[in-house]
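# Structural description and commentary
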Amino acid sequence: MLTLTRSVGETIRIGDDIEVHVVEVRGGTVRLGFKAPREVTIHREEVYRQIAEANLLAAQVTADTLGALAAFAPQATDDPAPGAPTPRASAPGDRSASPGVPAR
């Protein structure tokens, strides 16, 4: 871990496009200001942990839900269901939309 000492009004740069400004120091509290591109997320540690936990829970629920739903999915078989139409095989170059409709 890098440890730096800065005073109010001083700045720390992270890479080319992130700035951390020391805004105020009062007792044991430091106020920091951040300038960063919009695509860079900045969170307090406790908020970051809550987001990570929520994402983990959402991923688990999704996996559990998909597993439960799989039990209701029809199983693929080679035999069509009784009374189901048989798919029509088309010959190469066959451009008809359906049987009995001439091609244009």
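See above for the structure.
Starting from 1, residues in each chain are numbered consecutively following that chain's sequence as written. Restriction of local features to residues with pLDDT of at least 70 applies here, the model being predicted, together with a cutoff of 80 or more for giving and counting side-chain atom pairs; totals for whole chains, interfaces and linings are based on all residues. Heavy atoms from the whole structure form the basis of all side-chain values; hydrogens and water molecules are not counted.

## A word on the overall build of the chain
The test is simple: For helices the rule is a DSSP run of H or I covering at least 4 residues; for strands it is a run of E covering at least 2, with both sets numbered from the N terminus onward. Each residue is placed in one exposure class: buried if its accessible area under a 1.4 Å probe, protein chains only, is under 20% of its type's maximum, exposed if it is over 50%, and partly exposed if it falls in between. Contacts are assigned to residue pairs with any non-hydrogen atoms lying within 4.5 Å of each other.
Counting its regular elements, the chain contains one helix and three strands. For the chain, the succession of helices and strands along the chain, N to C, is β-β-β-α. Here the chain holds 104 residues, and the buried ones make up 7% of them. In the chain, once contacts between residues fewer than 6 apart in sequence are set aside, the share between residues at least 24 apart is 0%.

## Quick word on the pattern of salt bridges
Put simply, the test is: Salt bridges are counted wherever a side-chain nitrogen of Lys or Arg sits within 4 Å of a carboxyl oxygen of Asp or Glu.
Here the structure, examined in full by the defined rule, presents six salt bridges. Close ionic contact of Glu24 with Arg31 constitutes a salt bridge, the shortest N to O distance being 3.4 Å. A relative accessible area of 49% means that Arg31 is categorised as partly exposed. For Arg44, the salt bridge identified is with Glu46, shortest N-O distance 2.7 Å. Among the residues examined, Arg44 registers a relative accessible area of 55% and is labelled exposed. Here Glu46 falls in the partly exposed class, since its relative accessible area comes to 45%.

## Quick notes on a nonpolar patch on the surface
What counts here: Here a patch means residues that are over 30% exposed by relative accessible area and free of salt bridges, tied together within 9 Å if like-charged and within 5 Å if nonpolar (Val, Leu, Ile, Met, Phe, Trp, Tyr). All accessible areas in this document rest on Shrake-Rupley with a 1.4 Å probe, and a residue is counted as covered only by the protein chains that are shown.
On the surface, Val8, Val25, Val30, Leu32, Phe34, Val40 and Ile42 cluster together into a nonpolar patch covering about 570 Å² of accessible area. At three residues, strand β3 (residues 29-35) tops the list of elements feeding residues into the nonpolar patch. Checked against the element boundaries, Val25 lands in strand β2 (residues 18-26).

## Topic: the sheet that holds β2
Worth spelling out the cut-off: Two strands form a pair only when DSSP identifies at least two bridges running between them. Axes, fitted as lines to C-alpha atoms, cover a helix only where it is in contact. Angles between the N-to-C directions of the axes lie from 0 to 180 degrees.
The three strands are arranged β1-β2-β3 in an open sheet whose pairing can be described as antiparallel. The open sheet is flanked by β1 (11-14) and β3, the only strands paired with a single partner. Averaged over neighbouring strand pairs, the angle between their axes works out to 25° when direction is ignored. Bridge analysis of β1 against β2 gives four bridges, and the strand direction is antiparallel.

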